[in-house]
Amino acid sequence: MNEWEVEIKAEFDRAEQARARGNEGQARVCARRAAGIAIREHLNRQGIRPPSTSAYDLLNLLKDDPHLSSDLKLIADHLTLRVTEEFKLPVNADLVAEAKRFCEELLNK
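Sequence order sets the numbering: in each chain, residues are counted from 1 along the sequence as written. Local features in this predicted model are restricted to residues whose pLDDT is 70 or higher, and side-chain atom pairs enter the listing and the counts only when it is 80 or higher, whereas totals over whole chains, interfaces and linings include all residues. Here the side-chain values reflect all heavy atoms present in the structure, with hydrogen atoms and water set aside.

**Brief notes about the overall build of the protein chain**
Line of reasoning, step 1. Scanning the protein chain from terminus to terminus reveals five helices and zero strands.
Line of reasoning, step 2. Whereas a compact globule of 109 residues would reach a radius of gyration of roughly 13 Å, the protein chain reaches 13 Å, a difference of no more than 12%.
Line of reasoning, step 3. We call two residues contacting when some pair of their heavy atoms lies within 4.5 Å. A sequence separation of at least 24 residues applies to 50% of the contacts in the protein chain between residues at least 6 apart.
Line of reasoning, step 4. Accessible surface for the protein chain amounts to roughly 6,400 Å². Of this, 49% is attributable to carbon and sulfur atoms. What counts as a helix is a DSSP run of H or I of at least four residues, what counts as a strand is a run of E of at least two, and both are numbered from the N terminus. The globule rule used here is 2.2 Å times the number of residues to the 0.38 power, and the radius of gyration it is set against is calculated over C-alpha atoms. The protein chains shown are the only cover counted for residues, whose accessible areas, like all others here, come from Shrake-Rupley with a 1.4 Å probe.

**Description of the nonpolar core**
Line of reasoning, step 1. Throughout, nonpolar core names a set of buried Ala, Val, Leu, Ile, Met, Phe, Trp, Tyr and Cys residues whose side chains join them through atoms within 4.5 Å. Burial classification: accessible surface area is computed with a 1.4 Å probe over protein chains only, and a residue below 20% of its type maximum counts as buried, one above 50% as exposed, and the rest as partly exposed. With 30 residues, the main nonpolar core has I8, F12, I39, L59, L79, F102 and L106 as its most contacted residues.
Line of reasoning, step 2. Those elements that place two or more of their residues in this core are α1 (3–20), α2 (24–45), α3 (55–63), α4 (70–79) and α5 (95–107).
Line of reasoning, step 3. Ranked by residues supplied to this core, first place goes to α2 with nine residues.

**Some remarks on the packing of α2 against α5**
Between two packed helices, both the angle of their axes relative to each other and the distance between the axes serve to describe the pair.
Line of reasoning, step 1. Helix axes are fitted only over the stretch in contact, all axes being lines through C-alpha atoms; the angle between N-to-C directions runs from 0 to 180 degrees. Viewed as axis vectors pointing N to C, α2 and α5 meet at an angle of 10 degrees, and their least axial separation amounts to 9 Å. The angle between the axes of α2 and α5 places the two elements in the roughly parallel class. Residues A27, R28, A31, A34, A35, A38, I39, E41, H42 and R45 of α2 lie in contact with α5, whose contacting residues are L95, V96, A99, F102, C103, L106 and L107.
Line of reasoning, step 2. Three classes are used, and their members are as follows: Ala, Val, Leu, Ile, Met, Phe, Trp, Tyr, Cys and Pro are nonpolar, Asp, Glu, Lys and Arg are charged, and the others, Gly among them, are polar. Tallied by class, the residues present in the contact of α2 with α5 amount to 13 nonpolar, one polar and three charged. Roughly parallel covers angles under 35 degrees, roughly antiparallel covers those over 145, roughly perpendicular covers 65 to 115, and oblique covers all other angles.

**What to know about the environment of K9**
Line of reasoning, step 1. Secondary-structure assignment places K9 in helix α1.
Line of reasoning, step 2. As for K9 and A34, which are separated by 25 residues in sequence, their C-alpha atoms are 7.8 Å apart.

Printed below as a string of structure tokens:
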């Protein structure tokens, strides 16, 4: 396994552990970090130096990529949503599952 694959797997393992403890907020953070690792690897493959280490910044950057599918743009949008005052997402989405799909599709191109 490549280092980035190990890092992504570790983030998803942490996300599942957080979810099992009832900490959905931490699970979302781990999902977002996994997506950020995938984006960095995606950019590296294109010969582009990632402009930031922040998963949030990279997700926002990728949302403007004209080559990204609308499905992946929607997932990137979900991963950058702010939670409500009740710490809930304003949409009904499983960010861990969406981030897994995002990583798989982005890196299997």
